[in-house]
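# Observations on chain architecture
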Amino acid sequence: MKTQMLENGTVIDHLPAGTGLRCLDILKKQNIGEESIIIFINVPSNVLGKKDMIKLQNFYIDEKMATFLSLIAPHVTINIIHEHTVTKKVKPTLPDTIEGLIPCINSRCITNTEGYMTEYDIKSKQPVVLKCRYCEFEFTPD
Ligand SMILES: [Zn+2]
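Residues numbered from 1 in each chain as written. Predicted model: local features only at pLDDT ≥ 70, side-chain atom pairs only at ≥ 80, totals over all residues. Heavy atoms only, no water.

## Thoughts on helix α2 (residues 63–72)
Working note: α-helix, 3.6 residues per turn, so residues spaced by three or four point in the same direction. Counting buried positions along α2 yields eight of 10 residues, so the element is predominantly enclosed. When we look at burial in α2, the residues that qualify are M65, A66, T67, F68, L69, S70, L71 and I72. The inward-facing, buried residues of α2 abut β1 (9–16), α1 (20–28), β4 (77–82), β6 (97–99), β7 (119–125) and β8 (128–132). (Buried < 20%, exposed > 50% of the residue type's maximum accessible area, 1.4 Å probe, protein only. Helix = DSSP H or I, 4+ residues; strand = E, 2+ residues; numbered from the N terminus. Contact = heavy atoms within 4.5 Å.)

Below is the structure:
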């Protein structure tokens, strides 16, 4: 498959419409330069009706990041592009536990007040429900 716009980088596809900006927030913590991000909002999709999509020029996301994205976008597909060609397609699956990046929604949790790295058990995968290991709050990231 040839892609027109991206020579090298990552295409994050099949994000549910409305989740693209949230995913972008998570990605920005990975020191991706603003100038190398292209985001598409509400593009027609055969699978989802409408979808969001993110292209990262000259940046490859790792497996951990792909897993994080699948918390918000269960159908996410990660395409790795080299010289306009998809060389790898990844459909991440959720693990049973997850660390870091997603802040706990409980403002009094010590991960927020003391800066501990967050740790969650994934209580449910459809929809995703996370349970904080520190304060035991349960919530759905969205
Ligand atoms: Zn917590």
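## Observations concerning the pattern of salt bridges
Any two side chains of opposite charge can pair, on the condition that their charged atoms come close. If you walk through the whole model with that rule in mind, you get five salt bridges. Of the charged contacts in the structure, one is a salt bridge between R133 and E119, with a shortest N-O distance of 3.0 Å. Taken together, the residues R133 in the loop between β8 and β9 (138–139) and E119 in strand β7 connect sequence positions 14 residues apart. According to the relative accessible area criterion, R133 is partly exposed, its value standing at 41%. Among the salt bridges present, the one from D121 reaches R133, with a minimum N-O distance of 2.8 Å. With a gap of 12 residues between them, D121 in strand β7 and R133 in the loop between β8 and β9 connect regions that are remote in the sequence. Several salt bridges share partner residues, and in doing so they unite E119, D121 and R133 into one network. (Salt bridge = Lys/Arg side-chain N within 4 Å of Asp/Glu carboxyl O.)

## Let's talk about the side chain of T77
With respect to the element layout, T77 can be found in strand β4. Within polar-contact distance, the side chain of T77 engages the side chain of H14 at 3.0 Å. Apart from residues no more than four positions distant in its own chain, T77 is found in contact with V11, I12, D13, H14, K89, V90 and K91. (Polar contact = N/O pair within 3.5 Å; in protein donor to acceptor, adjacent residues only side chain to side chain.)

On their own, these measurements won't tell you what the molecule is for.
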